[in-house]
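# Geometric and topological summary
Below are the chains, spelled out letter by letter.
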Amino acid sequence: MDQQTSLMSLNMSPFDLSPGPEGSASGGGPSSASQQYVPQGAAYQCPPEQQSFGYANLDASYLFPTGTGGEPGAYLPTAGTVCDQTDTKDVIEELCPVCGDKVSGYHYGLLTCESCKGFFKRTVQNKKVYTCVAERACHIDKTQRKRCPFCRFQKCLDVGMKLEAVRADRMRGGRNKFGPMYKRDRARKLQMMRQRQIAVQTLRGSLGDGGLVLGFGSPYTAVSVKQEIQIPQVSSLTSSPESSPGPALLGAQPQPPQPPPPPTHDKWEAHSPHSASPDAFTFDTQSNTAATPSSTAEATSTETLRVSPMIREFVQTVDDREWQNALFGLLQSQTYNQCEVDLFELMCKVLDQNLFSQVDWARNTVFFKYLKVDDQMKLLQDSWSVMLVLDHLHQRMHNGLPDETTLHNGQKFDLLCLGLLGVPSLADHFNELQNKLAELKFDVPDYICVKFMLLLNPEVRGIVNVKCVREGYQTVQAALLDYTLTCYPTIQDKFGKLVMVVPEIHALAARGEEHLYQRHCAGQAPTQTLLMEMLHAKRKS
DNA sequence: GTTCAAGGCCAT
DNA sequence: ATGGCCTTGAAC
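Looking at an unreviewed UniProt entry, chain A carries the name Nuclear hormone receptor FTZ-F1, with the source organism given as Bombyx mori. According to the UniProt record, the Sequence similarities (unreviewed entry) comment for chain A reads "Belongs to the nuclear hormone receptor family. NR5 subfamily." UniProt's Subcellular location (unreviewed entry) comment on chain A is quoted here verbatim: "Nucleus".

### Overview of helix α8 (residues 320–335)
With 16 residues, α8 should cover 22 Å at 1.5 Å per step; its first-to-last C-alpha distance of 23 Å lies within 8% of that length. Of all 16 residues in α8, 14 are buried, a share of seventy percent or more.

### Things to note about the packing of helix α3 (residues 114–125) against helix α4 (residues 149–159)
At a closest axis distance of 11 Å, the pairing of α3 and α4 adopts a crossing angle of 100 degrees. Of the possible angle classes, the one that applies to α3 and α4 is roughly perpendicular. The residues of α4 that touch α3, namely those facing S115, C116, F119, F120, T123 and V124, are P149, R152, F153, C156 and L157. Class assignment for the residues of the contact of α3 with α4 results in eight nonpolar, two polar and one charged.

### Some remarks on the pattern of salt bridges
All told, the structure shown has 10 salt bridges when counted by the stated rule. Across the salt bridge formed by K451 and D391, the nearest N and O atoms sit 3.1 Å from each other. Highlighted residues: K451 in helix α13 (residues 444–455) and D391 in helix α10 (residues 373–399), separated in sequence by 60 residues. The exposure class assigned to K451 is buried, which follows from its relative accessible area of 4%. Judged by its relative accessible area of 7%, D391 falls in the buried class. Where salt bridges share partners, they join D101, K142 and R145 into one cluster.

### A closer look at the protein's contact with DNA strand B
Around DNA strand B, 17 residues are found, and the nearest of them are Y108, K121, R167, R175 and Y182. Sugar plus phosphate: this is where 70% of the atoms of DNA strand B within 4 Å of the protein reside. Between a base nitrogen of DNA strand B and a side-chain N or O atom of R172, the distance comes to 3.0 Å. Contacts to DNA strand B include Y182, whose side-chain N or O atom sits 2.5 Å from a phosphate oxygen. If you list the elements that add at least two residues to the surface near DNA strand B, you get β1 (105–107), α3 and α5 (179–206).

### Digging into the packing of aromatic side chains
What the rule picks out here adds up to 10 aromatic pairs. Measuring from ring centre to ring centre gives 5.8 Å for F119 and Y130, while their planes differ by 15 degrees; the resulting arrangement is stacked. Taken as a pair, F119 in helix α3 and Y130 in the loop between α3 and α4 lie far apart in primary sequence, 11 residues in all. Overall, the relative accessible area of 6% leaves F119 in the buried class. Here Y130 falls in the buried class, since its relative accessible area comes to 2%. Clustering of aromatic rings is evident, with ring pairs tying together Y108, F119, F120, Y130 and F153. Positioned above the aromatic ring of F119 is the side chain of R152, whose terminal nitrogen or guanidinium carbon lies 4.4 Å from the ring centre. K451 extends its terminal NZ or CZ atom over the ring of W361, reaching a point 4.3 Å from the ring centre.

### Concerning the confidence of the model for chain A
Considering every residue of chain A, the mean pLDDT works out to 70; 62% of them sit at 70 or more. Across chain A, α3 holds the top mean pLDDT of 96, while helix α1 (residues 4–8) sits lowest at 31. Per-residue pLDDT stays below 50 along residues 208–223; that stretch engages in 81 contacts with residues further than four places along the chain or on separate chains. Low pLDDT (under 50) marks residues 231–304, which in the prediction has 211 contacts with non-local residues, meaning those over four places away or in another chain.

### As for the nonpolar core
Counting residues in hydrophobic clusters, the biggest one holds 86 residues, and the most contacted among them are L327, L331, M347, L379 and F413. Here this core takes 11 residues from helix α9 (residues 343–363), the largest share from any one element. Setting aside anything within four residues of it in sequence, one finds M347 in contact with F413, C417, L418, L421, G422 and L516. Among the nonpolar cores identified, the runner-up in size contains 33 residues, and C113, Y130, C138 and C151 belong to it.

### Details of the environment of K142
Within the secondary structure layout, K142 lies in the loop between α3 and α4. Along the backbone, K142 and V98 are 44 residues apart, and their C-alpha atoms lie at a distance of 8.7 Å. Beyond its immediate sequence surroundings of up to four residues, K142 is in contact with C99 and D101.

### Here's the deal with a positive patch on the surface
Side chains of K121, R122, K127 and R170 sit close together on the surface and give a patch of like positive charge. Take R170: its relative accessible area is 47%, and that puts it in the partly exposed class.

### Re α9
Between its first and last C-alpha atoms α9 spans 30 Å; for 21 residues at 1.5 Å apiece the expected length is 30 Å, and the two agree. The backbone nitrogen of F344 has a side-chain oxygen 2.9 Å away, supplied by the residue at the start of α9, namely D342.

About the criteria used
Residues numbered from 1 in each chain as written. Chains lettered and ligands numbered in written order. Predicted model: local features only at pLDDT ≥ 70, side-chain atom pairs only at ≥ 80, totals over all residues. Heavy atoms only, no water. UniProt positions renumbered as here; feature names shortened; annotations may be inferred. Helix = DSSP H or I, 4+ residues; strand = E, 2+ residues; numbered from the N terminus. Expected span 1.5 Å × (residues − 1). Buried < 20%, exposed > 50% of the residue type's maximum accessible area, 1.4 Å probe, protein only. Axes fitted to C-alpha atoms, helices over the stretch in contact; angles between N-to-C directions. Parallel < 35°, antiparallel > 145°, perpendicular 65-115°, else oblique. Contact = heavy atoms within 4.5 Å. Nonpolar A, V, L, I, M, F, W, Y, C, P; charged D, E, K, R; others polar. Salt bridge = Lys/Arg side-chain N within 4 Å of Asp/Glu carboxyl O. Near = heavy atom within 4 Å. Polar contact = N/O pair within 3.5 Å; in protein donor to acceptor, adjacent residues only side chain to side chain. Phe/Tyr/Trp six-rings, centres within 6.5 Å; stacked < 30°, edge-to-face > 60°. Lys NZ or Arg CZ within 6 Å of the ring centre and 35° of its normal. pLDDT = per-residue confidence, 0-100. Core = buried A, V, L, I, M, F, W, Y, C linked by side-chain atoms within 4.5 Å. Patch = residues over 30% accessible without salt bridge, like charges linked within 9 Å, V, L, I, M, F, W, Y side chains within 5 Å. Areas by Shrake-Rupley, 256 points an atom, 1.4 Å probe, with all protein chains shown as cover. Lys, Arg positive; Asp, Glu negative; His and termini not counted. Charge placed at Lys NZ, Arg CZ, Asp CG, Glu CD.

Structure below.
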C-alpha cells in the first residue's frame, strides 16, 4: 500500500542547514534523515523502466559483501580466516548502503562509498532539486545509481546520511561532532564481529554454514488517519507504514535483536509450530487460530467447546506474527548500518507503526468497518493509546515479549517503553496491571474482547452512528461475560474485574499521551506521523 | 606526528 | 554531473 503519496505532498525541504560553527543543526532534534525529501522542478527525470517493484528501495544486496559470491551465508568468514584478523580494516569492508559499491569510509554519518559521498555533498551544497518521473521507488545500485538522482538522494536520507554533516560554511579539514560516534560505531562493529566469529567457530563444527537472509523494511513514512482508514481494505491484516517484508531469517550468528524467551503459560500462548528453526526476529506465539484455552485448570475440559463463534472470529483477527515481524523489521531497517540512532525517535517510529497496524486491524473488523469514516476516526482518536498499552500487555503476557532488545547496531532498545508510551516511571504501574491480569488468567479471547470494547466506546463525543457503536460494544461485552463464565467459572467475577482494569489502562495511556505531547512540543519527536496526528486530534476535540 | 572525514579539483 | 583522487585541519 502506498503511504508515500500523502507525505510527498507535505513538501518538506532538506536544506534548512542553519549556518554557523560546529553543527548548529545539532541539538537532539528530530533527525532529518527520516523526513521525506520532496523536490521541485524537473532537473532530472527517472526512466520509468527503472522503477523497482514496491517501495523496497533498500535492497539486501549490500548485506552479502565483498566478493564472496553474494550467497546467503557468504557474510560469514571462511574457516581459515575466522581468527586473528579482526581489525578496523575488516570492519570497514562493507558495501555502501545506498548503491552497494565499496565503502571508502565514514561519510556524513555512516559508511558509504566515495561516489555517494560526493553525490550527497553536491546535492546538499548546491541545493539541487530532482524529480522522479516514475514511482519514486527506483532501484539504486552501483550500475544504475546515476539514472535517478531523486531516488538516490532519497535513499541517502533513508539509510541515514546526515544533512547536518555537510558544512554550511564549507570549511575544510578538521573533525565534526560525529567523530566520537564513528569511533563508538567502529568499536561496536569490532565487538560484534568478534562475537560473530566465536559463534561461527562454534557452529561450523556441527552445522556448517547457516543461511543469512535479512528482510528489510522500507523507509518510514506517514499518512493521515483519514487516508489510512480510506485505503481500500485488504484481504488480510497488513501492517503499515511499510508493507513489511516477511520475517527475517537469520543464520548462524548472534545477530540482534534477539528473540524473547519462550512463553510459559497456557495454550493461547503456545509455541509456534514454526519456531523450531533459529529465527531471531520471531518469538514464539500462539498459532493464529481460534483454539480454546487448554492447559489452564479451568479451561482444560472445555477444549474447543463452548467458545462462541464470534470470539473465535475475534481471535482470528489477532496476528501477532505480523506484529512481531513489523516491530523487528522496523528496528532493523532503522538501525542497519547506522552508527547510533536516537532511541526516543526510534520509539516514536515503532509506536507510529503500531498505530498503523492498529488502524489496519480496526478497519478490517466487524462492527467497525461498517461505520462512516468520520465515526471511525473519532473512535480511533479516542482509543489508540489505550489499545497500544493493551497490545503491549498482550505481547508480554502471551508472547513473552522481553523488556529490551539489542539493535542491529549494538544499541539497547527498551521495548517496555513502548507499552509505557515513553514514560519509564510508569513501569511499576504497568507491571502491577500485568500482575493483576495474570491473576485473572487474562487470555487471548479476553484481550481481544477488551480491545474491541476499548475501540467501540459509545461515549465518544460526536459519533453519528452511536446506536451501531453501542450495539457492537454491548455484543462484545456480552460475549466476554459469557466466555469468562463458561471458561473460567472458578474465577469469581472475572468479567467484573477485567472491566475494573480498563480505567487503569486509560490512566496509564493518558499519562503516556501527555508525555509524548510534551516531547513533541519540545521538538523531540518525529513530526508528520500518525502518532502526532493522533495526539493533536485528541487535543482539538 | 598521525588519523580521517570534511571540502576541492578535474578528467571523463 | 559524476566519481576518483587530493588537500585540509581539528582531534587524538
